[in-house]
Amino acid sequence: MANIAEDIGEETPLQVRLNGVATFVGQIGLSVAALVFVVLFIFYFTGHKEGSNGSGKFKSGHTSASLVFSSIIDIFAIAVTIVVVAVPEGLPLAVTLSLAFAMKKMMADKALVRRLSACETMGCATVICTDKTGTLTMNEMTVLRTWVAGKVRAVEDRSLSSDILSLLFESIVQGTSATVNAPIQSEEMKVMGSPTEKAILMWGLKLGLRYDMVKSHSEVLRVEPFNSTKKRSGVAVRIKANGHVRVHWKGAPEFILRESDMIMCSDNSIELLTNCRRQELLQVIEGMCASSLRCVAFGYLDLDDVNVPKTEEQLEVWKLPEGPLTLIAIIGMKDPCRPGVPEAVRRCQAAGVRVIMVTGDNLATAKAIATECNILESGIALEGVTFREYSDERRQEVLPRITVLARSTPSDKLLIVHTLKKLGEVVAVTGDGTNDAPALRAADIGLSMGIEGTEVAKESSDIIILDDNFASVVKVVRWGRSIYLNIQKFIQFQLTVNVAALSINFLAAVSGGDVPLTAVQLLWVNLIMDTLGALALATEPPTDDLLLTPPVGQKEPLISNVMIRNLFIQAIYQIITLLILQFKGKEILKLKGSKATQINATIIFNSFVLCQLFNEVNARKLEELNIIKGLFRNKLFIMIVSSTAVLQVIIVEFLNKFASTVKLSWQHWLICLMIGSLSWPIALVGKLIPVPKRPLWGSWHRRREPSFSENGSFITREYSHSENGSL
């Protein structure tokens, strides 16, 4: 807890990009507003612009000070309105809505979000460091192979002597944290505990173990729980029948074998463990590991009374002797791969996300399971101790090729996270133990396990995977990318509105001194259209196509070349069309009478709003030509667009005084609809225009592009674009 107490408070990749966009747009808006104010100020005092409330042009010595002041206030109001238009105030709302919507929907995909911004960060993830047990596998152990008392035996072989079984049962019962619940009536016997301990105890029961009886034959003096560094656990017991003290050790075979110098044989004799016999045992272990079995070895030693502490105080600090041991048995347990995990890993790789399996298992076991899960085929396997001993430079050189880290500790996981972040990767880490907390906190996205995870791990994580399944992690990646894409859609939509409105008012003000869109109309567009637009575009559900593209790098621009193309095509169309209406609308539409100017202004406003409504549908697909695809499945989007259209009708037809509008005939409404609907064919033609690969917004970035070779194996290509565009 002390290691994770410090909150570094880093901004997420999307927050960094949004800050850049908001700053840039704000600066442009302020510059244009200042320019408009200066131009209109000069126009007024040089007699090129009418004063406020139809007071006429400025005449030195004839225009009263109050009229001059009122006219200057009007000019200032126009400039302020342009600032209001330019600043994308709907952007924070869109981000919050998108994150909150995704957070709610992700619950159905077995992911509980603890930190909202982690949703979008997951979409930028380039590496996932995952545990094996329970995440890639079922976390349901079963003993499949055994070596007991000198030879390989069947799992349920009961031909062992009573002395060997007595030793083995004593080690299993007194050295386990699992318990056996006695059956009630017709119910079966239940074993409670961790998957590994349950599997060992179940194996003992198959051999004829009577749990309560074995438990009563000896008393526990001292227990050394399993340690991730030593990879073993020990227990000291006093046998009640003769008072002798015996120490049992259980754990990773290589550690138990290293401390053993004797071996128990089937005839109850004890033989010296020769080098030749040791090699035979190593081959047995390697054979089990190659079949993706987790191996556990059992050894013991008898102690003389002089080596046993006599008081309670001494027992509490007693360090159990680790050898020399007599080897009793080696067992191989299978934890099957979760259904769907190999495909989920493949989808991650296709999406340009590298999966690294970090496990405490033996290297051979780890490689076998990684191969089963499609992880190892695109990289190399390494042991934690080897990786730990590398220099920083060597680690950074080797890590891009590592996909399996075996015999690792939680500190190794933390070391991997720090090294990957130095390499510029966006790192997601899964963890369930208390010792995983520092790595979960250090990663860009910490994913704790809801079933096996400790409270400390959950408190340190950003997202809790409720079913402990790696396939759910892939769904989180998909949601993260969906959030990022939805934000891009809304930015394109919002900036099109802002660029068009700003340009129309700016050009009209500079050309003729009057603005076609009033402050109230612009506020309607900004506060209502953008709010509803944010709700519509920010809640688009994700599709599987999102996992066919590489992750967005941290240095890639938020505004892509495709967005810039789409934005300017629509903005230019709207600017040209509405400025033609502003200056030639009355002649083109043949408007006459006292209300001709007001009708023309209302048509301009109505056409502008309808352009945004049709462009909102365009924004759903940044590159796809078929903008209708999936539209009618998104009922919220249909409802919002319909509601906006109804509100626009109310404003034009009924709120005339408030919005400075007049009622329009059906012919004028048809003209407005035609102007708005032309956004669709224009967008279709615009998407056929190619855009340069090198981003117009931003400088250097790195991108991973996934592909598959002829035999289907996964390849990752890295492209680096420098400032001058070279590859």
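Residues numbered from 1 in each chain as written. Predicted model: local features only at pLDDT ≥ 70, side-chain atom pairs only at ≥ 80, totals over all residues. Heavy atoms only, no water.

Caption draft 1: Up close: the UniProt feature "transmembrane region" (unreviewed entry) in the chain. As annotated by UniProt and renumbered to match this structure, "transmembrane region" (unreviewed entry) occupies residues 24-46, 67-87, 636-656 and 668-689. Secondary structure content for residues 636-656 is 90% helix and 0% strand, while the C-alpha to C-alpha distance between its ends is 29 Å. For the annotated span residues 668-689, helix accounts for 82% and strand for 0% of the residues, and the straight-line distance between the end C-alpha atoms is 33 Å. (UniProt positions renumbered as here; feature names shortened; annotations may be inferred. Helix = DSSP H or I, 4+ residues; strand = E, 2+ residues; numbered from the N terminus.)

Caption draft 2: Examining the side chain of Gln488 more closely. The residue Gln488 is located in helix α18 (residues 470-512) in this model. Judged by relative accessible area, which is 10%, Gln488 ranks as buried. Ignoring anything within four residues of it in the chain, the contact list for Gln488 reads Leu558, Ser560, Met563 and Leu622. (Buried < 20%, exposed > 50% of the residue type's maximum accessible area, 1.4 Å probe, protein only. Contact = heavy atoms within 4.5 Å.)

Caption draft 3: Layout of the confidence of the model for the chain. Predicted confidence across the chain gives a mean pLDDT of 82, with 89% of residues reaching 70 or more. Looking across the chain, the model is least confident in strand β21 (residues 714-721), with a mean pLDDT of 39, and most confident in helix α24 (residues 666-677), with 94. (pLDDT = per-residue confidence, 0-100.)

Caption draft 4: Local environment of the sheet that holds strand β14 (residues 354-358). Ordered in space as β1-β19-β18-β17-β2-β14-β16-β15, the 8 strands form an open sheet in which the pairing is mixed. Taken across any chain shown, the strands that pair with only one partner, and hence form the sheet edges, are β1 (111-113) and β15 (380-383). Between one strand and the next, the sheet's axes are offset by a mean angle of 20 degrees, whatever the strand orientation. Relative to strand β17 (residues 427-431), strand β2 (residues 127-130) is paired through 3 bridges, and the arrangement is parallel. Bridged to Cys129 within β17 is Val429. (Pairing = 2+ DSSP bridges. Axes fitted to C-alpha atoms, helices over the stretch in contact; angles between N-to-C directions.)

Caption draft 5: Inspection of the pairing of strand β12 (residues 293-303) at higher detail. Of all 11 residues in β12, 10 are buried, a share of seventy percent or more. Of the strand pairs in this sheet, strand β9 (residues 245-251) and β12 are connected by 7 bridges, and their pairing is antiparallel. Its bridge partner being in β12, Arg246 is matched across the sheet by Asp302. Two strands pair when backbone bridges link them, and β12 and strand β13 (residues 325-334) are joined in this way by 8 bridges, in the antiparallel orientation. For Arg294, the partnering residue across the bridge sits in β13 and is Met333.

Caption draft 6: Main features of a nonpolar patch on the surface. On the surface, Phe76, Val80, Val84, Leu523, Leu527, Ile528, Val646, Leu647, Ile650, Phe654, Leu655 and Phe658 cluster together to form a nonpolar patch covering roughly 1,000 Å² of accessible area. Elements represented by at least two residues in the nonpolar patch include exactly α2 (65-86), α19 (519-537) and α22 (635-653). With respect to the element layout, Phe658 can be found in helix α23 (residues 656-659). By relative accessible area, which is 57% here, Phe658 ends up exposed. (Patch = residues over 30% accessible without salt bridge, like charges linked within 9 Å, V, L, I, M, F, W, Y side chains within 5 Å. Areas by Shrake-Rupley, 256 points an atom, 1.4 Å probe, with all protein chains shown as cover. Salt bridge = Lys/Arg side-chain N within 4 Å of Asp/Glu carboxyl O.)

Caption draft 7: Local environment of the pattern of salt bridges. Enumeration according to the criterion identifies 24 salt bridges in this entry. Here Asp361 makes a salt bridge to Lys132, at a shortest N to O gap of 3.0 Å. With Asp361 in the loop between β14 and α12 (363-372) and Lys132 in the loop between β2 and β3 (142-148), this pair connects stretches of sequence that are 229 residues apart. The salt bridge partner of Lys458 is Glu455, with a shortest N-O separation of 4.0 Å. A residue pair is termed a helical-turn pair when its members lie 3 or 4 positions apart in one helix, as Lys458 and Glu455 do in helix α17 (residues 455-460) at 3 residues. Salt bridges sharing partners connect three or more residues here, namely Asp131, Lys413 and Asp436.

Caption draft 8: Seen up close, the nonpolar core. Ile463 and Phe470 are the most contacted members of the largest nonpolar core, which totals 124 residues. With 21 residues, the single largest contributor to this core is α18. The contacts of Phe470, once residues within four sequence positions are left out, are Ile128, Thr130, Thr135, Leu136, Val341, Ala344, Val345, Cys348 and Val355. Judged by nonpolar contacts, the second largest core, of 32 residues, contains Ala149, Ala178, Tyr211 and Tyr300. (Core = buried A, V, L, I, M, F, W, Y, C linked by side-chain atoms within 4.5 Å.)

Caption draft 9: Highlighting the packing of aromatic side chains. Considering all chains together, one arrives at 6 aromatic pairs under this definition. Judged by centre distance (6.2 Å) and plane angle (90 degrees), the rings of Phe37 and Phe76 are edge-to-face. Of the two residues, Phe37 is situated in helix α1 (residues 13-45) and Phe76 in helix α2; the sequence distance between them amounts to 39 residues. Taking relative accessible area as the criterion, Phe76 reaches 48% and is therefore assigned partly exposed. Between Phe101 and Trp479 the ring centres are 6.2 Å apart and the planes differ by 65 degrees, which places this aromatic pair in the edge-to-face class. Remark: Trp479 occurs in helix α18 and Phe101 occurs in helix α3 (residues 90-106); sequence separation between them is 378 residues. When the ring centre of Trp249 is taken as reference, the NZ or CZ atom of Arg232 above it lies at 5.7 Å. Between Arg395 and the ring centre of Phe387, over which it is positioned, the NZ or CZ distance is 5.9 Å. (Phe/Tyr/Trp six-rings, centres within 6.5 Å; stacked < 30°, edge-to-face > 60°. Lys NZ or Arg CZ within 6 Å of the ring centre and 35° of its normal.)

Caption draft 10: Here's a closer look at the environment of Val562. Among the structural elements, Val562 can be located in helix α20 (residues 561-588). Expressed as a C-alpha distance, the spacing of Val562 and Leu622, which sit 60 residues apart in the sequence, is 7.0 Å. Those residues in contact with Val562 that sit more than four places away from it in its chain are Leu622, Glu623 and Val691.

Caption draft 11: Spatial organisation of helix α5 (residues 162-174). When the terminal C-alpha atoms of α5 are compared, their 18 Å separation across 13 residues agrees well with the 18 Å that a helix rising 1.5 Å per residue should span. Counting buried positions along α5 yields 10 of 13 residues, so the element is predominantly enclosed. (Expected span 1.5 Å × (residues − 1).)

Caption draft 12: Main features of the packing of α20 against helix α25 (residues 679-686). Interhelical geometry of α20 versus α25 gives an angle of 140 degrees and a closest axis separation of 10 Å. What the angle tells us is that α20 and α25 run oblique. Every pair of crossing elements has a handedness; the one defined by α20 and α25 is right-handed. Contacts between α20 and α25 involve Arg565, Ile569, Gln570 and Tyr573 from the first element and Ser679, Ile682, Ala683 and Gly686 from the second. Class assignment for the residues of the contact of α20 with α25 results in 4 nonpolar, 3 polar and 1 charged. (Parallel < 35°, antiparallel > 145°, perpendicular 65-115°, else oblique. Left-handed = near helix turned anticlockwise from the far one by under 90°. Nonpolar A, V, L, I, M, F, W, Y, C, P; charged D, E, K, R; others polar.)

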